[in-house]
Amino acid sequence: PMKKSLLVLLALGLGLSACTPAESSAEASEPVTVEATGESVPAEEGTAFPVGHLRMIQYYESTADEIYNPVHFWNDAGELQLQLLEINLTNGQRTSLYFGACPGQGGVQVLPWQGQICLFAGDTLYKVPQEGGTAQTIPLGSEQSPEYADEYAAYDFEYDMNAGGNSGTRIDLETGQVTDLELPGQIGEIYPTGSSRFMVVRAITEAPLPSSEDWDMYDALLQSGEREFDWYDPATGALEKVMAEPYYGVEQPDGMRRRHDFLGMAGDRLYFSWYKEDGSAGGVESCALDGSDWQPMQGRLEKERPAWVFNQGGTLRWMMGGEPGDVWIYDLSDGQMYELPHITVSNGWPEALVGQNQVMVSQGRETGMVDGYALISLPDYLAGSTDWTPIVDAPAEPFD
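No experiment lies behind these values; they were computed from the predicted model shown.

### Considering the overall build of the protein
- Each helix and strand counted, the protein has four helices and 33 strands in total.
- Split into buried and exposed, the 400 residues of the protein put 49% on the buried side.
- Residue pairs at least 24 apart in sequence account for 47% of intrachain contacts in the protein once pairs closer than 6 positions are excluded.
- Here the protein has roughly 18100 Å² of accessible surface; of this, 48% comes from carbon and sulfur atoms.

Structural data, given as structure tokens:
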């Protein structure tokens, strides 16, 4: 039954063959529920909890040695199951670290933390030891689907452009304590920066935005409003303005509007792409952390904006653009532009920066079909190498 089920889950996961190692140990341990500490409480005024390096939780989370990703599926009995897959970054071999019942049908977030793998599934936090074994469960009191994390906690935000309704929670990774956060209104975007503050993008309007169903009034307020980029401290709720521009962009001499999007933070600089509304021009600019000292990027990025960005530990590392057969990557760590004409969607397309300095890439047929994934060091990848290590299932271990 496990082999058959894995054929289903791998369509959602890595797309490889069935994973059978650790079947006996994975199914032998039932989760142990610890005392519930997930009752939601408001953050006390003036009380600041620790905030580390904020980053986005990826589908493929990794430590220095392993990649982890979750899959969930229905078994033959119609029961929803959860499996945690582990990929060795040295040899590319994949095993099953945890296998058990899964509450709810929503997504599952995975977060390696202090020798454990935290799984957020529905209203429960699972803690699976990295070496395998019995998982602990902590009831959270409500469903949590965190998108961001630091060294201490995970963060879940609900927000839209309409007035009111914005909310946030902090889930302590040690205790499962859920703390309500103060979140400003009219937020359109939230970005982690690898620092202790988020970058938020919000609409500043003369009057609160109505429901977008009242489009005429909604659009009129935005037409006369601003799009503001602010530092947001989740511990205190404090905002610090970085810059603002007319909501739909600054009108240019040719009548077109020029608008910015936030790309990320690297070192002591913030990076923004800019573009004209008709798509006729674009590029990248950077500024100091307080919004001063604006500078255009040089070379290709002066007139071309990236289509994709890749972060490492929350910090912006790569800007990537072009198209299959004409891919370019600008690496902020060395300030170099790399041309990679051999990269296609099905072979060598970067999926994630993993481990300490590796890239997980696609591997498949030139027809555009991705059959699996592989690993390669970051310097070798940028040098044009295709000598990557395929991710494969570890050899099945004999049963005692």
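### A short note on the pairing of strand β28 (residues 336-340)
- Both strand β27 (residues 326-331) and β28 contribute to a ladder of five bridges, which runs antiparallel. When the sheet's bridge partners are listed, V327 is paired in β28 with L340.
- Where β27 folds back onto β28 in an antiparallel hairpin, the turn is made up of four residues, including G335, whose phi is positive at roughly 70°.

### So, the layout of surface pockets
- Its volume calculated, the largest pocket comes out at about 880 Å³.
- In terms of residue class, the lining of the largest pocket is built from 17 nonpolar, eleven polar and five charged.

### Topic: helix α3 (residues 215-223)
- Listed as buried for α3 are Y218, D219, L221 and L222. Axial view of α3: buried residues confined to an arc of 160°, hence all on one face.
- Tucked inside the fold, the buried residues of α3 contact β17 (198-204).

### With respect to the sheet that holds β17
- Within the open sheet, the four strands sit side by side as β16-β17-β18-β19. Their pairing is antiparallel. Both outer strands of the open sheet, β16 (187-191) and β19 (239-246), are each paired with one neighbouring strand and no more. Strand after strand, the sheet turns through a mean of 20° between neighbouring axes, direction not considered.
- Direction of pairing for strand β18 (residues 226-232) relative to β19: antiparallel, over a ladder of seven bridges. Residue pairing across strands places E228 opposite A244, the latter belonging to β19.

### So, the packing of aromatic side chains
- Scanning the entire structure with this criterion turns up 18 aromatic pairs.
- Each ring, one from Y148 and one from F198, has its centre 5.3 Å from the other, and the planes form 70°; the classification is edge-to-face. Of this pair, Y148 sits in strand β12 (residues 148-149) while F198 sits in strand β17, and the two are 50 residues apart along the sequence.
- The exposure class assigned to Y148 is buried, which follows from its relative accessible area of 2%.
- Note on F229 and F272: the rings are 5.3 Å apart at their centroids and 85° apart in plane angle, and the pair reads as edge-to-face. In this pair, F229 sits in strand β18 while F272 sits in strand β22 (residues 269-276), placing the two residues 43 residues apart along the sequence. Side by side, F229 and F272 carry an identical accessibility label, which is buried.

About the thresholds
Residues numbered from 1 in each chain as written. Predicted model: local features only at pLDDT ≥ 70, side-chain atom pairs only at ≥ 80, totals over all residues. Heavy atoms only, no water. Helix = DSSP H or I, 4+ residues; strand = E, 2+ residues; numbered from the N terminus. Buried < 20%, exposed > 50% of the residue type's maximum accessible area, 1.4 Å probe, protein only. Contact = heavy atoms within 4.5 Å. Areas by Shrake-Rupley, 256 points an atom, 1.4 Å probe, with all protein chains shown as cover. Pairing = 2+ DSSP bridges. 1 Å grid on protein atoms, 1.4 Å probe; cavity = no way out; pocket = protein on both sides within 12 Å on 5 of 7 lines; lining within 4 Å. Points joined across faces, edges and corners; volume = space filled by probe spheres on them. Nonpolar A, V, L, I, M, F, W, Y, C, P; charged D, E, K, R; others polar. Arc of directions from axis to C-beta. Axes fitted to C-alpha atoms, helices over the stretch in contact; angles between N-to-C directions. Phe/Tyr/Trp six-rings, centres within 6.5 Å; stacked < 30°, edge-to-face > 60°.

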